[in-house]
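So you can see what is in the structure, the chains are spelled out below.
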Amino acid sequence: MSHSSAPWTSPAPLTLAGPTHPRGSMVAHPEAPGAPRTRTYFYHRLALADRNHRWWMPLVEGTLLIAVYLLLSIVFVVVLAFALPDAVAADLLDADQLDPAVFFLMFGSVALLLPSALVARLTLGPRPLGLIFSVTGRIRWRWLLTCFGVAAVVYAVVNLGGIGLDLLGGGTPTPVRPVPGFWWLLASVLLVVPLQCAAEEVVFRGYLAQMVGRWLKHPAWAILLPVPLFMLGHAYDIWGQLSVGIMAVAMGLVTWRTGGLEAGIALHAVNNMSISLLAMAGLVDMNETSGAPADLIPELLLNAAYVALVFWLVRRRPAVAVTRTVVLPPPPAPPMLPAAVQRPAAIAADRSGLAAYVVDPATQAYMVLPPQYGPYSVRDGQGRYVGLLDTRPAVEPAPTYTEPHDGHH
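Residues numbered from 1 in each chain as written. Predicted model: local features only at pLDDT ≥ 70, side-chain atom pairs only at ≥ 80, totals over all residues. Heavy atoms only, no water.

Novice: Would you take a moment to explain the overall build of the protein chain for this structure?
Specialist: From N to C terminus, the protein chain includes 12 helices and seven strands. Relative to its 409 residues, the protein chain shows a buried fraction of 41%. Taking as baseline every contact in the protein chain between residues at least 6 positions apart, the subset at least 24 positions apart corresponds to 70%. Of the roughly 22,900 Å² that the protein chain leaves accessible, carbon and sulfur atoms contribute 69%. (Helix = DSSP H or I, 4+ residues; strand = E, 2+ residues; numbered from the N terminus. Buried < 20%, exposed > 50% of the residue type's maximum accessible area, 1.4 Å probe, protein only. Contact = heavy atoms within 4.5 Å. Areas by Shrake-Rupley, 256 points an atom, 1.4 Å probe, with all protein chains shown as cover.)

Novice: Explain the pairing of strand 2 (residues 38-42) to me, please; I cannot follow it from the model alone.
Specialist: Regular strands have side chains that alternate between both faces of the sheet. In terms of residue burial, strand 2 counts as a mostly covered element, since four of its five residues are buried. Both strand 2 and strand 3 (residues 323-327) contribute to a ladder of five bridges, which runs antiparallel. Bridging across to strand 3, Arg39 finds its partner in Val326. (Pairing = 2+ DSSP bridges.)

Novice: What is the right way to read the packing of helix 6 (residues 182-215) against helix 10 (residues 262-280) from this model?
Specialist: Contact pair helix 6 / helix 10: the axes reach a minimum separation of 9 Å and the direction vectors enclose 150°. When the axis of helix 6 is compared with that of helix 10, the two are roughly antiparallel. Here the hand of the crossing between helix 6 and helix 10 comes out right-handed. Among the residues making up the contact of helix 6 with helix 10, the classes are represented as 14 nonpolar, five polar and three charged. (Axes fitted to C-alpha atoms, helices over the stretch in contact; angles between N-to-C directions. Parallel < 35°, antiparallel > 145°, perpendicular 65-115°, else oblique. Left-handed = near helix turned anticlockwise from the far one by under 90°. Nonpolar A, V, L, I, M, F, W, Y, C, P; charged D, E, K, R; others polar.)

Novice: I tried to follow the packing of aromatic side chains on my own but got confused; where do I start?
Specialist: Each pair of aromatic rings is reported with the distance of its centres and the angle of its planes. The final tally for this structure, using the stated rule, is four aromatic pairs. With a centroid separation of 6.0 Å and 40° between ring planes, the pair formed by Phe76 and Phe104 is classed as tilted. Linking Phe76 in helix 1 (residues 57-83) with Phe104 in helix 3 (residues 100-111), this pair joins segments that are 28 residues apart in sequence. We classify Phe76 as buried; its relative accessible area is 16%. Taking relative accessible area as the criterion, Phe104 reaches 29% and is therefore assigned partly exposed. Above the ring of Phe230, the side-chain terminus of Arg205 is found at 4.4 Å from the ring centroid. (Phe/Tyr/Trp six-rings, centres within 6.5 Å; stacked < 30°, edge-to-face > 60°. Lys NZ or Arg CZ within 6 Å of the ring centre and 35° of its normal.)

Novice: I tried to follow the packing of helix 1 against helix 4 (residues 113-124) on my own but got confused; where do I start?
Specialist: Packed helix pairs are specified by the crossing angle of their axes together with the interaxial distance, meaning the distance between the axes. For the pair helix 1 and helix 4, interaxial distance at closest approach is 8 Å and the crossing angle is 140°. As the angle between them shows, helix 1 and helix 4 are arranged oblique. Like other packed secondary-structure pairs, helix 1 and helix 4 cross with a definite hand, here right-handed. Contacts between helix 1 and helix 4 involve Met57, Val60, Glu61, Leu64, Leu65, Val68, Tyr69 and Leu72 from the former and Leu113, Pro115, Ser116, Ala117, Val119, Ala120, Arg121, Thr123 and Leu124 from the latter. Counted by class, the contact of helix 1 with helix 4 contains 13 nonpolar, two polar and two charged residues.

Novice: I'm lost on the environment of Val227 in this one. Help?
Specialist: Along the polypeptide, Val227 turns up in helix 8 (residues 227-232). Separated by 18 residues in sequence, Val227 and Gly245 place their C-alpha atoms 6.1 Å apart. For Val227, the contacting residues outside a window of four places in its chain are Gly245, Ala248 and Val249.

Novice: Honestly, a nonpolar patch on the surface in this entry has me stumped. Any pointers?
Specialist: Where nonpolar side chains cluster on the molecular surface, the patch consists of Trp55, Trp56, Leu59, Val60, Trp215, Leu216, Trp221 and Leu225 and spans about 800 Å² of accessible area. As for its position among the elements, Trp221 is in helix 7 (residues 219-224). Exposure remark for Trp221: the relative accessible area of 44% places this residue in the partly exposed category. (Patch = residues over 30% accessible without salt bridge, like charges linked within 9 Å, V, L, I, M, F, W, Y side chains within 5 Å. Salt bridge = Lys/Arg side-chain N within 4 Å of Asp/Glu carboxyl O.)

Novice: What exactly am I supposed to notice about unusual backbone geometry here?
Specialist: Excluding glycine, most residues fall at negative phi; most peptide bonds, likewise, are trans. Omega for the bond connecting Gly125 with Pro126 falls within 30 degrees of zero, at 10°, which places this linkage in the cis form. Along the chain, Pro126 falls in the loop between helix 4 and helix 5 (141-168).

Novice: Would you mind showing me how to read helix 5 here?
Specialist: Residues spaced three or four apart along an α-helix point in a common direction, a consequence of the helix completing one turn every 3.6 residues. If you check helix 5, its first and last C-alpha atoms are 40 Å apart, about what 28 residues at 1.5 Å a residue would give, namely 40 Å. All buried positions along helix 5 are accounted for by Trp143, Leu144, Cys147, Val150, Ala151, Val154 and Tyr155. Structurally, helix 5 contributes buried residues whose contacts are with helix 9 (238-258), helix 10 and helix 11 (296-316). Positive backbone phi, at 100°, marks Gly170, one or two positions downstream of helix 5. (Expected span 1.5 Å × (residues − 1).)

Novice: What is the right way to read a negative patch on the surface from this model?
Specialist: Residues Asp96, Asp99, Asp285 and Glu288 make up a contiguous surface patch of negative charge. Along the polypeptide, Glu288 turns up in the loop between helix 10 and helix 11. (Lys, Arg positive; Asp, Glu negative; His and termini not counted. Charge placed at Lys NZ, Arg CZ, Asp CG, Glu CD.)

This is the structure in structure tokens:
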């Protein structure tokens, strides 16, 4: 399914535009004679759908994003310094993340990336602004909720399976002990965590992926290059970082394959909300930053299952657009030459047997070749050499003087 749009305008209603292919960045559609020319782009190449695109724009956009984020962060911290002075004064690396004030500060500060990215994109484009979310130019809420449900089921099955295996191996169940400030934490989990996840997806799977897609065509670059930056934003050991990297690759894959950020946002939100809810119930330690090689196994299974299910769903739902088709401006019409009757007749007759008609590029009028110069090199419309045109008049032999002959010696 491809989302069609008018040439360089806001999106039109969804229409079928032929089959799409998940590999590559452009799908060519056969065009009937006289039909408008079109180009079809995958999500990471959407910036090219804007005719005002320039290669340097994502660099300026990134600078604006950082500047706006720093400004919003200063305002955010100043406000919290009056409302929650203890949270602002705490060392966040050593603070208890289950303290409601610290939790709100940590997740809320990351959520500020969302308005920062939107302001930066609104300033420079591409247009429409919603191309940062999907190929349709908007958030597809029904698809987002569908992916959220799929991610919730996958997390429930994998986590319950892990608990069952642990109990079968002789483990003892961990008692449920809600932490202090449970209800404040619950409010933050429901309201702030989804915004934090959406903000990170807009930056890492949206802005960065589309920045790479402006310069590099293959989707692997757009999926993999932002992964190290995403990993560096999490203060874990090597095994925790690898787990984050696995999840980042999974979110990049579903973003490319589904034509938008909804599937990645859903996976990210379910992950962060699940960990937060389990920590609030006293079942996991949210402050733990170390891991083990064995932690990679459930992470691989969970993300692989989610990616497989999303790929399967998007194949069964042709209404979910995975590409965007734009109508290109018509090519410039070739300049009209003067009528044949206006050609200088003198040029057509020359000693070489070739005919040449020279057109002034400024006035599009025929010119007469000066007869005293030449020969001229003649080429055809493809620039191939044809021959020489010699318009110089033939040189008559000079007269010779002979004495009159009167028949006498």
